[in-house]
Amino acid sequence: MDKKYGMYICTGCGIGDALDVEALGAVASEEGFPVQQHPFLCGPEGVALIKKDIAEKGINALVIGACSRRVNFDVFRFDGCIVERANLREQVVWSHPRDKFPKLTEEEIASGDAFDRVQMLAEDYLRMGMARVKKVSLPEPYKLESLSRRILVMGGGMTGMAAALDAAKAGYEVTIVEKTGVLGGHANHWRQQLPNQTPYETLMAPQVAEMIAAVEAEPKITVRLETVVARIAGEPGDFTVTLKKPGEKIEFDVPYPLPPEMRVDEKGNELDVDTLQARYQEYNEGRADILTMDPNGEKFGAVVLAAGWRPWIPEEGQLAHYGFGELPDVVTNAQFEKIAKEGKIKRPSDGQEAKRVVFIQNPGQGDDSDFAYTGAVTSMVALKQAKYVREDYADGKAYIFYQHMRTSGQMEYLYKSLQQDPGVFMTKGEVVQVRQNGNGLVVEADDTLLGEKIAVNADLVVLATGMVPVTVDDPVVNLAYRQGPGFRDNDLFDGYCDSNFICFPYETQRTGIYAAGAIRRAMTVEESIEDAAGAALKAIQCIESVNRGVAVHPRSGDMTFPDFFFQRCTQCKRCTEECPFGALDDDAKGTPKPNPARCRRCGTCMGACPERIIGFADYNIDSIGSQVKAVQVPSEDDYTEPPLRILGLVCENDAYPAIDMAGLKGLSFSADVRLIPVRCLGSVNVIWIKDALSQGMDGVFLLGCKHGDDYQCHFVKGSELASIRMKKIGEALASLALETERVAQFDIAIDEYDKIPQIINDFVESVEALGPNPFKGF
Amino acid sequence: MAERYLVEPDVEFINEVTRHGGGDLKKCFQCATCSVACPISPDNRPFPRKEMIAASWGLKNKLLADGDIWLCHNCGDCSTLCPRGAKPGDVLAALRIMAIRAYAKPKILADWVNDKSKLPILLAIPAILFIVIGLITGLLDFTPEGDEIVHAKFFSTWLVDIMMIPTSFFAVGVFAVGLKNFIGDMHAQCLADGRTTKTDVNIKEVAQAFSRVVLTILKHEKFNECSENRDRATAHMMVLFGFIGLFIVTGIFFVVLYVFQIHGPYSQLNPVKWLANIAGVSLVIGSVLMIKQRLNKKDQVSTYSDWFLIGLALMLGVTGLLTEMTRLGGMAGTSYFLYFVHLMFVWALFCYVPFSKLAHLAYRTAALTYTEWSQRK
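Residues numbered from 1 in each chain as written. Chains lettered and ligands numbered in written order. Predicted model: local features only at pLDDT ≥ 70, side-chain atom pairs only at ≥ 80, totals over all residues.

**Points about the overall build of chain A**
So, step 1. If you tally the helices and strands in chain A, you get 20 helices and 30 strands.
So, step 2. Split into buried and exposed, the 778 residues of chain A put 52% on the buried side.
So, step 3. Pairs at least 24 residues apart make up 71% of the contacts formed inside chain A by residues separated by at least 6 positions. (Helix = DSSP H or I, 4+ residues; strand = E, 2+ residues; numbered from the N terminus. Buried ≥ 20, exposed ≤ 12 C-beta atoms within 10 Å, placed from the backbone. Contact = placed C-beta atoms within 7 Å.)

Shown next as structure tokens:
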């Protein structure tokens, strides 16, 4: 593209009052950018001015010196043009008001040795903006050769059926793959279901039969019973899926990566590539490699993962104090449901009527948490099952001992209606023991609301055990991905196929695979059906995004994708291994194979690559590097006491908006800091830091999301990987005889704008204490 | 706290609480707002939170012997602030009626007194008794002589006292048995719960506790701590002092009659008569105020037991005053009839008091005294 540059400076919102706009214009002119200024650039007149230039002068690479890129992005979007926003408002004039950062006096100007920090800041941002537009290009979409719009739903339970129906209603072909011989899943074994409509006070007949009938009547849905997924290969929009009968062993069963202990020799050293490859093939004997596509595989565009759960069964002796396993009349809620489904509630031990039933909600022994994998569901199930007791026997008594009674949403009404039943007795309390007494049971509880140690006689005791997501036992999705067949880090979520994407439900760590229902967290049917709709819509969004060649999530609509300059690839595999989404596969030699439709465009590969051969059209090593180099670093040649120059590479998802908000709230921070937004800290390549320090900048900090178990990173691993790289950069700094303290990484959440001044100023102070960078001025 | 308590919920008890106006008790979710809101609940083991769960678990024996239900003065602060509308105030009121019924023997009378359909029978009993005994003994003269209206000529004082004195002994007896059992149960319960450690009964201590309690009752100190229903204190005080006044008057005239042999009617200038009139008016105004307050109070349940008591108090006062007024007005026939009706109500009061809500005067006083004496923990 033949670039024609233009610089547009807005003087509104206080910019014109605080800054010397003529001097700003001069900075642009130096670089050969024609300059226009306007007092209200985002108004119709201002926009018309820009559009006129685009139309008449053919300007197509613009730097707009005005407000933050996070506002007015729609106003300043000009199709076919590269637009860079220099943030003069939030991050210059609003965060550096003239009462705290005064303009130079006449005398100071006359002395020639004084400088205006705020003016310098603004000028640098313009220079950085200009540097960027020179280096980036307009992205072109990545298009698949063939696109499948079919949706694969894994699991034929309530969630899977609901997702399939929703997707089919939206016009998409769906295939449900169900492991067992029938649709319906666990719901087939229930007597009644929790209510799903107002007034939420009574139980309802299970919806499962109705749902199965609807699925069977829907022509767009194909049901494959007694079928499992052997492997899913390829990328969204073009998944090649091999299906098989459960238990079958076939060529296209998914291969597993070598476990860590097999990747090293006896001394613990990493094996060479050829040996690893040999071991890998041996380990996956009889299975085709992930890059081999099954010629008979079915094509799908996206996957809804609704494989559900299995009831948790205590291990032997685990609940000895409740007599589980010892006493036949101590059962789990799943077992009780089956008893109730068969008819009147009877005791398993002798088939006698069970009129006094005690429901225990937690494992006790000093632990007040509920059983594992319960969420709020088991509280509500206990209410449902207590109702069975009362339905079956007019003189029946149902006791619920809980530490938490969780009735989410409207289900509070069910709780209230159960409370009103004179035969239902509930109390918070810790059940300490269940023991046999004659031919009945005695349940003993401490710390109850009744104010003392109590005991109740029972015929049957029901333990409110949880719903274990099937991902605990098995990868389930069987992805033919180099990183492995399942989801990584699932143990952070107790095995649930969930993520810390607080705002992004359904999203898994694998693009195109959307989880719904109890595989994500314990949920009721009502919640699962709602969840299914969400996942179905995500699957559709994925297919349609892939079709347009744009990212699905979280950079929805981003047309860029990582581009590899393979000639210089050293096959180090860092990109393949570090990609948080497993987007990259590699061949036997280790050359990465990008799957752009799996990619979320975070740039972690770009940050990882030691050869710096990965980049995006509008975001690459050179574009950011040039911005870094565009910062003017004054030395003692310029001023007696030159100001510091500190580079901040800030995550554009949380940190950058937090800084904007700090500006909006009138919070100030050092004017000697130059901030560059990055897609994710994971995309930060250490070369930028080296560039900054070698040109005399005094310090560099990274500001991004929290990492660790409770990470907040939009790209899961980005900030964590950055922190690892920052630790390693210490050695490089030492070799340059620079203090490691000159580089730091800080966490921030989007709402923590109030912490911004302290974080930045503290770092500036610590760098100041170290003294200026010795390379300054070279 | 030592023993593990085997809970055997009594579902019928829960239904009974419901019938006595505590129908919302199961709505309680044990937040204890009630115990915090209550101005008179003690800091240790405060009521009514624990009574609410005990009631919803049907723990009959615990609740009937629970002295704390009597510490409540039913001001309604808890019910107003209850986030679930469980109305702890009404539940405690129901429990008190049930406690009275449980301890008052014979049981059938307790059932009848608290059963609306049995009201005609209850009122017919004194009427028939009077007429029958009057006719048998000849102490009932349907054509009293003389210009002056003298009620004693119609109803012989003997006839009245033949009826009233044994009846009042009966009432005292019923109370004595009931209170003995109640106090015994309450004490056992308090010892079991650790609410008290006192085992030795020192009469002096009890007497001191009693005198403190009586003073508190007379001053209505507890009532005045309520915020929601404070105006009830005035009405209650008028009724209470009305009864006390009339009791004193009755006592004085009893002595005057039997010791000094002076028959009524007595002069309106007599100071005792003043007291009688003031007490009668106080009783009527107090009861009317109570009725008005109960009718206006939509968020508080008023049961038959409540109306029985207020109605009785009102009718006593009204018939008494009307009898006097018609006598002074020379309306002989009307006055005699009203006197008859009045006597029926007086008898009903004596006979039914241990079974009705009015028995709270004995149970509450006993519970308050016990609590004061036992140094409730």
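The structure having been displayed, the exposition proceeds.
**Focus on the overall build of chain B**
So, step 1. Broken down by element type, chain B carries 17 helices and one strand.
So, step 2. A globule of 377 residues ought to have a C-alpha radius of gyration of about 21 Å, and chain B, at 22 Å, matches this closely.
So, step 3. Dimensions of chain B along its principal axes, counting C-alpha atoms only, are 75 × 45 × 35 Å.
So, step 4. Counting across all 377 residues of chain B, residues that qualify as buried make up 43%.
So, step 5. Considering only contacts within chain B whose residues lie at least 6 apart along the sequence, 76% involve residues at least 24 apart. (Rg over C-alpha atoms; globule rule 2.2 N^0.38 Å.)

**Concerning the environment of Glu216 of chain A**
Residues and elements named next belong to chain A.
So, step 1. By secondary structure assignment, the location of Glu216 is in helix α8 (residues 208-217).
So, step 2. Its 11 C-beta neighbours within 10 Å are what place Glu216 among the exposed residues.
So, step 3. Separated by 33 residues in the primary sequence, Glu216 and Leu183 have C-alpha atoms spaced 9.7 Å apart.

**Let's talk about the nonpolar core**
So, step 1. Val304 and Leu305 of chain A are the most contacted members of the largest nonpolar core, which has 229 residues in total.
So, step 2. Among the elements that make up this core, the one with the highest residue count is helix α16 (residues 332-352) of chain B (13 residues).
So, step 3. With near-sequence residues (within four places) excluded, Leu305 of chain A lies in contact with Met154, Val476, Val477, Cys497, Thr508, Ile513, Tyr514, Ala515 and Ile519 of chain A.
So, step 4. With 106 residues, the next largest nonpolar core counts Ala18, Val27, Leu88 and Ala655 of chain A among its residues. (Core = buried A, V, L, I, M, F, W, Y, C linked by C-beta atoms within 7 Å.)

**Overview of the interface of chain A and chain B**
So, step 1. The interface is formed by 17 residues belonging to chain A together with 16 residues belonging to chain B.
So, step 2. When contributions to the side of chain A that touches chain B are tallied by element, the ones reaching two or more residues are α12 (412-419), β16 (424-428) and β19 (454-458) of chain A.
So, step 3. Per element, the largest residue contribution to the side of chain A that touches chain B is three residues, and it comes from β19 of chain A.
So, step 4. Here the side of chain A that touches chain B is composed, by residue class, of seven nonpolar, five polar and five charged.
So, step 5. With three bridges connecting them, β19 of chain A and strand β1 (residues 5-7) of chain B associate as parallel partners. Each bridged residue has a counterpart across the sheet, and for Ile454 of chain A the counterpart in β1 of chain B is Tyr5 of chain B. (Nonpolar A, V, L, I, M, F, W, Y, C, P; charged D, E, K, R; others polar. Pairing = 2+ DSSP bridges.)

**Description of the domain arrangement of chain B**
All names here are of chain B.
So, step 1. Domain annotation for chain B reports domain 1 (11-103) and domain 2 (107-374).
So, step 2. Taken together, the contacts link 26 residues of domain 1 with 32 residues of domain 2.
So, step 3. Within the residue set of the side of domain 1 that touches domain 2, elements represented by two or more residues are α1 (11-22), α5 (68-71), α6 (77-81) and α7 (88-103).
So, step 4. Considering every element that reaches the side of domain 1 that touches domain 2, the biggest residue donor is α7, with eight residues.
So, step 5. Considering only residue class, the side of domain 1 that touches domain 2 consists of ten nonpolar, eight polar and eight charged. (Domains from an automatic or database assignment.)

**Digging into the packing of α1 of chain B against α7 of chain B**
All names here are of chain B.
So, step 1. The geometry of α1 relative to α7 is characterised by a closest axis approach of 8 Å and an angle of 110 degrees between their N-to-C directions. Relative to α7, the element α1 lies roughly perpendicular. Taken as a pair, α1 and α7 cross one another with a handedness that is right-handed. Between α1 and α7, the residues in contact are Glu16, Val17, His20, Gly21 and Gly22 and Asp90, Val91, Ala93, Ala94, Leu95, Ile97 and Met98, respectively.
So, step 2. Partitioning the contact of α1 with α7 into residue classes produces seven nonpolar, three polar and two charged. (Axes fitted to C-alpha atoms, helices over the stretch in contact; angles between N-to-C directions. Parallel < 35°, antiparallel > 145°, perpendicular 65-115°, else oblique. Left-handed = near helix turned anticlockwise from the far one by under 90°.)

**A short note on the sheet that holds strand β30 (residues 743-747) of chain A**
All names here are of chain A.
So, step 1. Across the sheet, which stays open at both edges, the four strands sit in the order β28-β27-β29-β30 with parallel pairing between neighbours. Single-partner strands in this sheet number two, and they are β28 (673-678) and β30. Recorded for the sheet is a direction-independent mean angle of 20 degrees between the axes of neighbouring strands.
So, step 2. Here six bridges tie strand β27 (residues 646-651) to β28, and the two strands are oriented parallel to one another. When the bridges of β28 are listed, Cys651 appears paired with Val678.
So, step 3. Along the sheet, helix α17 (residues 655-664) contacts β27, β28 and β29 (699-704); its crossing angle with β27, the most-contacted strand, is approximately 115 degrees.
So, step 4. The strands touched by helix α19 (residues 718-735) within the sheet are β29 and β30, with β30 carrying the most contacts at an inclination of about 165 degrees.

**Regarding the confidence of the model for chain B**
Residues and elements named next belong to chain B.
So, step 1. With 98% of its residues at a pLDDT of at least 70, chain B reaches an overall mean of 88.
So, step 2. Highest mean pLDDT in chain B belongs to helix α3 (residues 49-56) (94); lowest belongs to helix α10 (residues 151-154) (74).
So, step 3. Confidence estimates for the predicted assembly give a pTM of 0.87 and an ipTM of 0.85. (pLDDT = per-residue confidence, 0-100.)

**Details of the sheet that holds strand β20 (residues 460-463) of chain A**
Residues and elements named next belong to chain A.
So, step 1. With parallel pairing, five strands are arranged side by side in an open sheet as β13-β20-β14-β15-β16. The strands lining the two open edges of the sheet, one partner per strand, are β13 (330-332) and β16. In this sheet, adjacent strand axes meet at a mean angle of 20 degrees when their direction is disregarded.
So, step 2. In this sheet, β20 lies alongside β13 in parallel orientation, the contact comprising three bridges. Its bridge partner being in β20, Val331 is matched across the sheet by Val462.
So, step 3. Where helix α11 (residues 377-392) meets the sheet, it contacts β14 (356-360), β15 (397-402), β16 and β20, and its direction lies at approximately 165 degrees from that of β15.

**Comments concerning the pairing of strand β11 (residues 302-305) of chain A**
All names here are of chain A.
So, step 1. Residue alternation in β11 divides its side chains into two sets, Ala302 and Val304 and Val303 and Leu305, and both sets are buried.
So, step 2. Relative to strand β22 (residues 513-515), β11 runs parallel, the two sharing three bridges. Bridging across to β22, Leu305 finds its partner in Ala515.

**A word on unusual backbone geometry**
Residues and elements named next belong to chain A.
So, step 1. With an omega dihedral of 10 degrees, the bond running from Thr198 to Pro199 counts as a cis peptide bond.
So, step 2. Positionally, Pro199 belongs in the loop between β6 (174-177) and α8.
So, step 3. In this structure, Pro554 follows His553 across a cis peptide bond, with omega equal to -5 degrees.
So, step 4. The residue Pro554 is located in the loop between α13 (525-548) and β23 (563-564) in this model.
So, step 5. The residue Val716 is not glycine, and still its phi comes out positive at about 65 degrees.

**Some details on the environment of Pro257 of chain A**
All names here are of chain A.
So, step 1. Tracing the backbone shows Pro257 in the loop between β9 (238-244) and α9 (273-283).
So, step 2. By the C-beta count within 10 Å, which is 17 here, Pro257 ends up partly exposed.
So, step 3. Between the C-alpha atom of Pro257 and that of Val472, which follows or precedes it by 215 residues, the distance is 18 Å.

**Some details on helix α9 (residues 119-137) of chain B**
All names here are of chain B.
So, step 1. Helix length check: α9, at 19 residues, gives a terminal C-alpha distance of 27 Å against a target of 27 Å (1.5 Å per residue), a fit within 8%.
So, step 2. Along α9, the residues classified as buried are Pro126, Phe130 and Gly134.
So, step 3. Turning to α9, the residues buried within the fold contact α11 (157-193) and α16.
So, step 4. Note on α9: the residue one or two positions beyond its end, Gly138, has a positive phi of about 75 degrees. (Expected span 1.5 Å × (residues − 1).)

**Quick look at the domain arrangement of chain A**
Put simply, an interface is often sized by how much accessible area is lost when its parts join up.
So, step 1. In terms of domain boundaries, chain A breaks down into domain 1 (1-138), domain 2 (151-253 + 293-310 + 470-548), domain 3 (255-289), domain 4 (313-465), domain 5 (563-615) and domain 6 (619-778).
So, step 2. With centres defined by C-alpha atoms, the gap from domain 3 of chain A to domain 6 of chain A works out at 40 Å.

**A few points about the packing of α11 of chain B against helix α17 (residues 360-374) of chain B**
Residue and element names in this part refer to chain B.
So, step 1. Their axes nearest at 11 Å, the elements α11 and α17 cross at an angle of 35 degrees. With respect to the hand of their crossing, α11 and α17 are arranged in right-handed fashion. Listed contacts from α17 to Phe175, Leu179, Phe182, Ile183, Met186 and Cys190 of α11 are Ala362, Tyr363, Ala366, Ala367, Tyr370 and Ser374.
So, step 2. Class assignment for the residues of the contact of α11 with α17 results in eleven nonpolar, one polar and no charged.

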